[in-house]
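Per-entry structural report
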Amino acid sequence: MTRIPCQLYLISPLDVGGDFPARLTAALGAGPVAAFQFRVKGLEQHEAARLAAPLQAICAARDVAFIVNDDVALAKRLGADGVHLGQGDGDPREARRELGPSAQIGVTCHASRHMAMEAGEAGADYVAFGAFYPTTTKAVEHQAEPEILTWWQGMFELPCVAIGGITVDNARGLVDVGADFLAVSGGVWAYPDGPAAAVQAFNDLLKDQPEG
């Protein structure tokens, strides 16, 4: 099987108000992005939906999948392209029943091969491993080693996402060992030259991939 080249998967900062829509527009205009995950915490659903609406429209205009983090009900309300589930956020089968056959359902599997296999059996569309590097986005409870990506690639066709502290400077090794997607938050939004420059830099790195 020919491997699809690794792609960029953006995760929002927790604060998506203010000028964030303009920053997202700049980022998505700088190069290919496969998906954008809307990740906010502690907001009631109406407020979350209000903040999501302009971002979802920006993604739709760029043909970027709009994925909601952790909240199947919000994803359904928005008509989002999919949902990303943590280990405590529900079953992929139930999410599939709620969101329909075309929804993209991802599952956080930390550093666990067993969790990843269970997610695949439950009908997930992708599994996410990490954190691979220290991250300021959330407390790192699970440290993943790059070889888990190689193992997954050798066993399964389901795409795998690498997450956790990924930057332009450390991403190359994860691409080389088998990540199908790089999930990046701070590595784009906190990039010194701005998010557009970060996306451009990531895509320059991702262009340089071996075939197959």
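Everything below is about the structure printed above this text.
Presented here is an overview of the structure given in this document.

Conventions we followed
- Residues numbered from 1 in each chain as written.
- Predicted model: local features only at pLDDT ≥ 70, side-chain atom pairs only at ≥ 80, totals over all residues.
- Heavy atoms only, no water.
- Axes fitted to C-alpha atoms, helices over the stretch in contact; angles between N-to-C directions.
- Helix = DSSP H or I, 4+ residues; strand = E, 2+ residues; numbered from the N terminus.
- Parallel < 35°, antiparallel > 145°, perpendicular 65-115°, else oblique.
- Left-handed = near helix turned anticlockwise from the far one by under 90°.
- Contact = heavy atoms within 4.5 Å.
- Nonpolar A, V, L, I, M, F, W, Y, C, P; charged D, E, K, R; others polar.
- Pairing = 2+ DSSP bridges.
- Salt bridge = Lys/Arg side-chain N within 4 Å of Asp/Glu carboxyl O.
- Buried < 20%, exposed > 50% of the residue type's maximum accessible area, 1.4 Å probe, protein only.
- Arc of directions from axis to C-beta.
- Polar contact = N/O pair within 3.5 Å; in protein donor to acceptor, adjacent residues only side chain to side chain.

This part is about the packing of helix α1 (residues 20-28) against helix α2 (residues 45-61). Direction vectors running N to C along α1 and α2 enclose 15°, while the axes themselves pass 10 Å from each other. Here α1 lies roughly parallel to α2, going by the angle between them. Relative to α2, the crossing made by α1 is right-handed. Contacts from Phe20, Pro21, Leu24, Thr25 and Leu28 in α1 reach Leu55, Ile58 and Cys59 in α2. By residue class, the composition of the contact of α1 with α2 is seven nonpolar, one polar and no charged.

Backbone hydrogen bonds are what pair the strands of a sheet, in a parallel or an antiparallel way. Sheet architecture is closed into a barrel: eight strands sit in the order β1-β2-β3-β4-β5-β6-β7-β8, paired in parallel fashion. Averaged over all neighbouring strand pairs, the angle between strand axes comes to 25°, with direction disregarded. Those strands touched by helix α9 (residues 195-207) are β1 (7-11) and β8 (181-184), and its axis lies near 155° from that of β1.

A few words on the pairing of strand β7 (residues 160-163). Bridging between strand β6 (residues 126-130) and β7 involves four bridges; their strand directions are parallel. Note on β7: the bridge partner recorded for glycine 130 is isoleucine 163.

It is worth spelling out the pattern of salt bridges at this point. Counting across every chain of the model gives nine salt bridges. In this structure, lysine 41 engages aspartate 70 in a salt bridge whose closest nitrogen and oxygen atoms are separated by 2.6 Å. Here the residue lysine 41 occupies a position in the loop between β2 (35-38) and α2, and aspartate 70 occupies one in the loop between β3 (65-69) and α3 (72-78), the gap between them amounting to 29 residues. On the accessibility criterion, lysine 41 (43% relative accessible area) is partly exposed. Exposure remark for aspartate 70: the relative accessible area of 25% places this residue in the partly exposed category. In this structure, the salt-bridge partner of glutamate 47 is arginine 50, at a minimum N-O distance of 2.8 Å. Placement of both glutamate 47 and arginine 50 in helix α2 is noted, with a separation of three residues, approximately one turn of the helix. By sharing partners, the salt bridges in this structure join Arg172, Asp176 and Asp208 into a single network.

Among all positions of helix α6 (residues 147-155), only Ile148, Leu149, Trp151 and Trp152 are buried. Down the axis, α6 shows its buried residues gathered within 160° of arc, on one side only. Where α6 is buried, its residues touch α5 (113-121), β6, β7 and α7 (172-177).

As for its position among the elements, serine 12 is in the loop between β1 and α1. With a relative accessible area of 0%, serine 12 lands in the buried category. C-alpha separation for the pair serine 12 and leucine 174, spaced 162 residues apart in sequence, amounts to 21 Å. If near-sequence neighbours (up to four positions away) are discounted, serine 12 is found in contact with Phe20, Phe36, Gln37, Phe38, Arg39, Ser185 and Trp189. Within polar-contact distance, the side chain of serine 12 engages the backbone nitrogen of arginine 39 at 2.9 Å.

Its location among the elements puts asparagine 203 in helix α9. Judged by relative accessible area, asparagine 203 falls into the buried class, the value being 9%. Within the structure, asparagine 203 has its side chain in polar contact with the backbone oxygen of proline 32 (distance 3.0 Å).

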